[in-house]
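Report on the structure
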There are 2 protein chains.
Amino acid sequence: MKKVSISDIARKAGVSVSTVSFVMNDKAVKMRISREVIEKVENVAREMGYRPNQLARGLRTGKTKTIGLIVENISNAFFASMAKTIEDEAKKYDYKVVYCSTDNDETKARELISMLSQRQVDGYIITPTLGLAEEIRKLQAENKPVVLIDRYFPEHEEIPSVLVDNYAGVTEGMEYLINKGYRKIALVTIEVDMAHMHDRLQAYYDTLKKHDISVDPRLVKQVPYGYVREAALEEIEDFFSGDGKDSDAVFFLTNYLGVLGIETTKKMNIRIPEDKAMLCFDDNDIFRLYTPTISVIRQPICEIGQQAMTALIERLRHTGTEALPENAPVKLSAELVPRDSI
Amino acid sequence: MKKVSISDIARKAGVSVSTVSFVMNDKAVKMRISREVIEKVENVAREMGYRPNQLARGLRTGKTKTIGLIVENISNAFFASMAKTIEDEAKKYDYKVVYCSTDNDETKARELISMLSQRQVDGYIITPTLGLAEEIRKLQAENKPVVLIDRYFPEHEEIPSVLVDNYAGVTEGMEYLINKGYRKIALVTIEVDMAHMHDRLQAYYDTLKKHDISVDPRLVKQVPYGYVREAALEEIEDFFSGDGKDSDAVFFLTNYLGVLGIETTKKMNIRIPEDKAMLCFDDNDIFRLYTPTISVIRQPICEIGQQAMTALIERLRHTGTEALPENAPVKLSAELVPRDSI
DNA sequence: TACGGTAGCTAAAACGATTTAGTTATCTTT
DNA sequence: AAAGATAACTAAATCGTTTTAGCTACCGTA
């Protein structure tokens, strides 16, 4: 059984294709289609179960009512919740979201953008990888709005973004640790190739300095990107039995690292907070449920999603001549959630 | 700046649109396009950054190289991992996946199917809700292949599916508990409106009977669907301080319920396994990391995803006259992972 | 009586690809 | 030298919509 097309409806209702189109798009009144014809068409369409072909519609109008969401990894809790809010938010504006994961791989990210672009999405929300700025500029040049989330390009202020104040967040966490008397604070981070991670790291250094605590470079552990779980676990374990051994607290700079951290401390029988206090950037179900519960710097996930969507919609609606929306980054604040691990 | 279309390439290369199309689709040799023209076209296309418009292509060919994946909730760990495998798997066959969540709401599920159908996806992988069989039959009638995962319609064997042997899984768990000496085994489930949950519940009853343990209906707790987190937590807490109080073990029939269970036992200071042993259907990071680690019946997520994809591809390739692939449900087995909670 | 206006539709182009059926020029063959 | 074959392309239809421009009756007015 083939799908019903607009001309099937036209034939059955005894009118032209244009008339059906007008009726289906609520332009019937404007086009002075008579009451009877409108009803006739509506009835036939309902009976035959007509659903307009969005490919054809998109081809003709140039709008697909679809936005592309590119995140690092959709199976990571942070991005999964984010995706869910964005999807719900998009629905309010009658947009559909299609999402994909870069796995933080620049090549893959490029491919994804290309794929979404070929599918003619109307706009993009992107968690960028390194080196993606050029590609994003091209999208903007094609008049496709883009909003960055979570990460940004300091040298490209013309790309709108919704960010968390990473520097302030880490500073708040560090102040808290120092206030509680911790002095030998270890830091576990991934490669700081992008600005948001650099901001977090910088806040660590600056807060230590501010309190006249000498910075011990051996207390800072960088886990390289692209390591599989097991390799990353080993790295952290090595750190805890080597350079990081006599730290009295450890600050994990991402949610994923924090989970690995829990796994390692559990395996090594490191007691929290007796042997080591623990703090993590970004929340996770596990942190709330683990014994002891783990303190975190929580990012306002819903708000990020909402603001990103608002910013995008604003730009999608901006057709032509009115004043351009501001491109200044939206900066939200992350909040310290103290729990038993400190 | 407008996008480059095939006719832009044709004009610049001084050939016809058809020629460009042949070159871009590797039909140049078959169509006897000369070496020089092929190179010319390829160069122009590369220089101008030509990317074919998939809407136009899909409209013409009737194939979008896209499959729709409908799950219950993409932010649930089980479905998130599943989605990731399916996406990776699809990529191998050069398909793109677009996914969406039903939140187990029949109306929403219908809308999602309708939306995907309007966007002309080539095939579907669906975690169905109650009452979705009719809608799915319609897709099949339109020659759009569908594969069910996780859930099924016992009265509709003609819809292919990839399932876990829920009955055997729960039986294995129950046998294990009984072997370890537990006799007052409580069960926490969601509404058993669909067959897969009914199978799990039935296995509970049957195993008890087999071991001549009397079934105490008060030990079976059903948490209604659609309850928000807090309400569901309260239900479980009430159960643990009421009817379920003197059970010596508790079996949670879904991953989500298990997480709520952990939260509740933690709050109520129920010691595991001293006060109560715990077992959960379906794994989760938390169960592996919690203290004590929680025993689970693990579903083979990757295999489900792979098999579903294989089954779908087989049907997508099946154009016309050859033998139809078998529709018999693929049944995989779930595996008991014993940990410290029992 | 002729003209303008309007109500109520329809024809046809366009969007960007794919694909079938030609067309033209050159080359073989007899 | 005529006919057929082949190499190397192209024209035009098509997919299912939207949208602009236009057509046809009929009515009112001067």
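Within each chain, residue numbers correspond to sequence positions counted from 1 in written order. The naming scheme follows written order: chains are lettered A onward, ligands numbered 1 onward. Only residues with pLDDT of 70 or above have their local features reported here, since the model is predicted, and side-chain atom pairs are shown and tallied only from 80 upward, although totals for entire chains, interfaces and linings are computed over all residues. Derived side-chain values reflect all non-hydrogen atoms in the structure, with water molecules and hydrogen atoms excluded from consideration.

Here the copies are superposed with least squares, the fitted atoms being C-alpha atoms of residues at a pLDDT of at least 70 in both. Mapping chain A onto chain B leaves a residual RMSD of 0.1 Å; the transformation is a rotation of 180 degrees accompanied by 0.1 Å of translation along its axis. Within this description, the copies of the chain are treated as partners about a two-fold rotation axis. Mapped onto chain B, 98% of the interface residues of chain A are again interface residues, and the two copies thus contact each other with one and the same surface. Here, two residues are considered to be in contact whenever any of their heavy atoms come within 4.5 Å of each other.

Further remarks concern the domain arrangement of chain A. Domain borders in the structure are assigned automatically or taken from a domain database. Under the domain assignment used here, chain A contains domain 1 (6-52), domain 2 (62-163 + 302-332) and domain 3 (166-298). Placing a centre on the C-alpha atoms of domain 1 of chain A and another on those of domain 2 of chain A gives a separation of 36 Å.

The subject of this paragraph is the protein's contact with DNA strand D. Residues are counted as near a molecule or strand when any one of their heavy atoms sits within 4 Å of it. Residues in contact with DNA strand D amount to 28 residues; listed here are only the nearest, Ile-6, Lys-27 and Arg-60 of chain A together with Thr-19 and Ser-34 of chain B. Here a polar contact means two N or O atoms within 3.5 Å. Within protein one must be a hydrogen donor candidate and the other an acceptor candidate, and residues neighboring in sequence count only if both atoms are side-chain atoms. Asn-53 of chain A places a main-chain nitrogen or oxygen 3.1 Å from a phosphate oxygen of DNA strand D. Between Ser-16 of chain B and DNA strand D, the recorded distance is 2.9 Å, taken from a side-chain N or O atom to a phosphate oxygen. When residues of the surface near DNA strand D are traced back to their parent elements, those giving at least two are helix 2 (17-24) and helix 4 (54-61) of chain A together with helix 2 (17-24) and helix 4 (54-61) of chain B. In the scheme used here, Gly and all other residues not listed as nonpolar or charged are polar, with Ala, Val, Leu, Ile, Met, Phe, Trp, Tyr, Cys and Pro taken as nonpolar and Asp, Glu, Lys and Arg as charged. Looking at the surface near DNA strand D residue by residue, the classes come out as 12 nonpolar, 10 polar and six charged. Helical segments are the DSSP runs of H or I of at least four residues, strand segments are the runs of E of at least two, and each set is numbered from the N terminus.

Further remarks concern the environment of Val-296 of chain A. Residue and element names in this part refer to chain A. Mapped onto the elements, Val-296 comes out in strand 10 (residues 295-298). Each residue gets one of three labels from its accessible area relative to the maximum for its type: buried under 20%, exposed over 50%, partly exposed in between, using a 1.4 Å probe on protein chains only. Using a relative accessible area of 0% as the deciding quantity, one classes Val-296 as buried. For the pair Val-296 and Arg-339, spaced 43 residues apart in sequence, the C-alpha to C-alpha distance is 7.7 Å. Those residues in contact with Val-296 that sit more than four places away from it in its chain are Leu-279, Cys-280, Asp-282, Asp-283, Phe-287, Glu-335, Leu-336, Val-337 and Arg-339.

For the rest of this paragraph, the subject is the sheet that holds strand 9 (residues 277-281) of chain A. All names here are of chain A. Pairing is mixed across the open sheet formed by six strands, whose spatial order is 7-6-8-9-10-12. Either end of the sheet is taken by a strand with one partner, and the two such strands are strand 7 (220-223) and strand 12 (335-337). The mean inter-strand angle of the sheet, taken between neighbouring strand axes irrespective of direction, is 20 degrees. Pairing between strands is defined by DSSP: at least two bridges between them are needed. Pairing analysis gives four bridges linking strand 8 (residues 249-252) to strand 9, with the strands arranged parallel. Bridge pairing in strand 9 places Phe-252 opposite Cys-280. Lines are fitted to the C-alpha atoms to define the axes, a helix being fitted only along its stretch in contact, and any angle between axes, read from their N-to-C directions, falls within 0 to 180 degrees. Packed onto the sheet, helix 10 (residues 229-241) meets strand 6 (185-190), strand 7 and strand 8 and runs at close to 165 degrees relative to strand 7.

Taken together, the 48 residues of chain A in the interface contact 47 residues of chain B. Values labelled buried area give the accessible surface lost by two parts on being combined, using a 1.4 Å probe and summing over both. Both sides of the chain A and chain B interface together cover about 4,600 Å² of buried area, and 56% of this is carbon and sulfur. When the buried area of chain A at its contact with chain B is split by residue, Lys-3, Leu-55 and Leu-289 of chain A rank highest and sum to 16% of it. We count a salt bridge whenever a side-chain nitrogen from Lys or Arg sits within 4 Å of a carboxyl oxygen from Asp or Glu. Counting every contact that joins chain A to chain B gives six salt bridges. Glu-111 of chain A is paired through a salt bridge with Lys-91 of chain B; the nearest N and O atoms lie 3.9 Å apart.

Turning our eyes to something else, we now look at the protein's contact with DNA strand C. Surrounding DNA strand C, one finds 28 residues, the nearest of these being Thr-19 and Ser-34 of chain A together with Ile-6, Lys-27 and Arg-60 of chain B. For DNA strand C, the backbone makes up 57% of the atoms found within 4 Å of the protein, where backbone means sugar plus phosphate. Where the surface near DNA strand C is concerned, the elements lending two or more residues are helix 2 and helix 4 of chain A together with helix 2 and helix 4 of chain B. Within the surface near DNA strand C, the residues separate by chemical class into 12 nonpolar, 10 polar and six charged.

Note: strands within a sheet are paired through backbone hydrogen bonds, in either parallel or antiparallel orientation. Residue and element names in this part refer to chain B. Pairing is parallel in the open sheet, where six strands are placed in the order 2-1-3-4-5-11. With partners counted over all chains shown, the strands left at the sheet margins are strand 2 (96-101) and strand 11 (330-332), one partner each. The average undirected angle you get between the axes of adjacent strands in this sheet is 15 degrees. As paired elements, strand 3 (residues 123-126) and strand 4 (residues 146-149) share three bridges and run parallel to each other. Counted as the bridge partner of Tyr-124 is Val-146 from strand 4.

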